[in-house]
Amino acid sequence: ERLKTFAKLSGYVRYFHPSDEAYHLNWNNFNINASKKILACSSQEEFEALLNNWMSIIAPTLKIVKEGSNYNFDQATLKPLSGKYHWINW
């Protein structure tokens, strides 16, 4: 289930997230190495921490929330820490 979740998230970020980090990443290498680390996870919390850590680097504006959670979307939290940006959505 964890690999399935990761594969789904990885595909969404790879093909749809508008960050330079996602565009320039060697996805084949990343997915192979990430899969090894995911298989070594001993708990769901460790798996979730890995996903959040990786995605904070690859897709800095991506927010991962658990299904059914009471997450309140705030557009202001998606602004990059530095540099100019243009709001992109679809």
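Residues numbered from 1 in each chain as written. Predicted model: local features only at pLDDT ≥ 70, side-chain atom pairs only at ≥ 80, totals over all residues. Heavy atoms only, no water.

Participant: Looking at this model, I keep getting lost on helix H3 (residues 27-39). Mind explaining?
Facilitator: Because the α-helix completes a turn every 3.6 residues, residues three or four places apart line up on one side. Between the first and last C-alpha of H3 there are 18 Å, a value that for 13 residues agrees with the 18 Å anticipated at 1.5 Å per step. Considered for burial, the residues of H3 that qualify are Trp 27, Phe 30, Ala 34 and Ile 38. Taken down its axis, H3 places every buried residue within 60 degrees of arc, on the same side. When the buried face of H3 is taken as reference, the exposed residues oriented beyond 90 degrees from it are Asn 28, Ile 32, Lys 36 and Leu 39. On the buried face of H3, the contacting elements are helix H1 (2-16), helix H2 (20-24) and helix H4 (44-58). Capping the start of H3 is the job of one residue whose side-chain oxygen sits 3.3 Å from the backbone nitrogen of Asn 28: Asn 26. (Helix = DSSP H or I, 4+ residues; strand = E, 2+ residues; numbered from the N terminus. Expected span 1.5 Å × (residues − 1). Buried < 20%, exposed > 50% of the residue type's maximum accessible area, 1.4 Å probe, protein only. Arc of directions from axis to C-beta. Contact = heavy atoms within 4.5 Å. Polar contact = N/O pair within 3.5 Å; in protein donor to acceptor, adjacent residues only side chain to side chain.)

Participant: I tried to follow the packing of H1 against H3 on my own but got confused; where do I start?
Facilitator: Between two packed helices, the angle of one axis relative to the other and the distance separating the axes together describe the packing. Running from amino to carboxyl end, H1 crosses H3 at an angle of 155 degrees, the nearest separation of the two axes being 11 Å. Viewed along their axes, H1 and H3 adopt a mutual orientation that is roughly antiparallel. The two elements H1 and H3 cross, and the hand of that crossing is right-handed. Contacts between H1 and H3 pair Arg 2, Leu 3, Phe 6, Ser 10, Val 13 and Arg 14 from the former with Trp 27, Asn 28, Phe 30, Asn 31, Ala 34, Ser 35, Ile 38 and Leu 39 from the latter. Partitioning the contact of H1 with H3 into residue classes produces eight nonpolar, four polar and two charged. (Axes fitted to C-alpha atoms, helices over the stretch in contact; angles between N-to-C directions. Parallel < 35°, antiparallel > 145°, perpendicular 65-115°, else oblique. Left-handed = near helix turned anticlockwise from the far one by under 90°. Nonpolar A, V, L, I, M, F, W, Y, C, P; charged D, E, K, R; others polar.)

Participant: Sorry, what's going on with the nonpolar core here?
Facilitator: The nonpolar side chains of a soluble globular protein tend to be buried with one another. Counting residues in hydrophobic clusters, the biggest one holds 16 residues, and the most contacted among them are Phe 6, Val 13, Trp 27, Phe 30, Leu 51, Trp 54 and Ile 58. Where this core is concerned, the elements lending two or more residues are H1, H3 and H4. The element that contributes the greatest number of residues to this core is H4, accounting for six residues. (Core = buried A, V, L, I, M, F, W, Y, C linked by side-chain atoms within 4.5 Å.)

Participant: Explanation requested: the packing of aromatic side chains in the structure shown.
Facilitator: Pairs of aromatic rings are described using the distance from one ring centre to the other and the angle between the two planes. One pass over the full model with this rule turns up four aromatic pairs. Measuring from centroid to centroid gives 5.7 Å for Trp 27 and Phe 30, while their planes differ by 90 degrees, and the two rings are edge-to-face. Of this pair, Trp 27 and Phe 30 both sit in helix H3, three residues apart, which is roughly one turn of the helix. Residues Trp 27 and Phe 30 agree in their burial class; the two are buried. Taken together, a centroid distance of 5.6 Å and an interplanar angle of 85 degrees make the contact between Phe 30 and Trp 54 edge-to-face. In this pair, Phe 30 sits in helix H3 while Trp 54 sits in helix H4, placing the two residues 24 residues apart along the sequence. Following the ring pairs from residue to residue traces out a cluster consisting of Phe 6, Trp 27, Phe 30 and Trp 54. (Phe/Tyr/Trp six-rings, centres within 6.5 Å; stacked < 30°, edge-to-face > 60°.)

What is shown is where atoms sit, not what they do.
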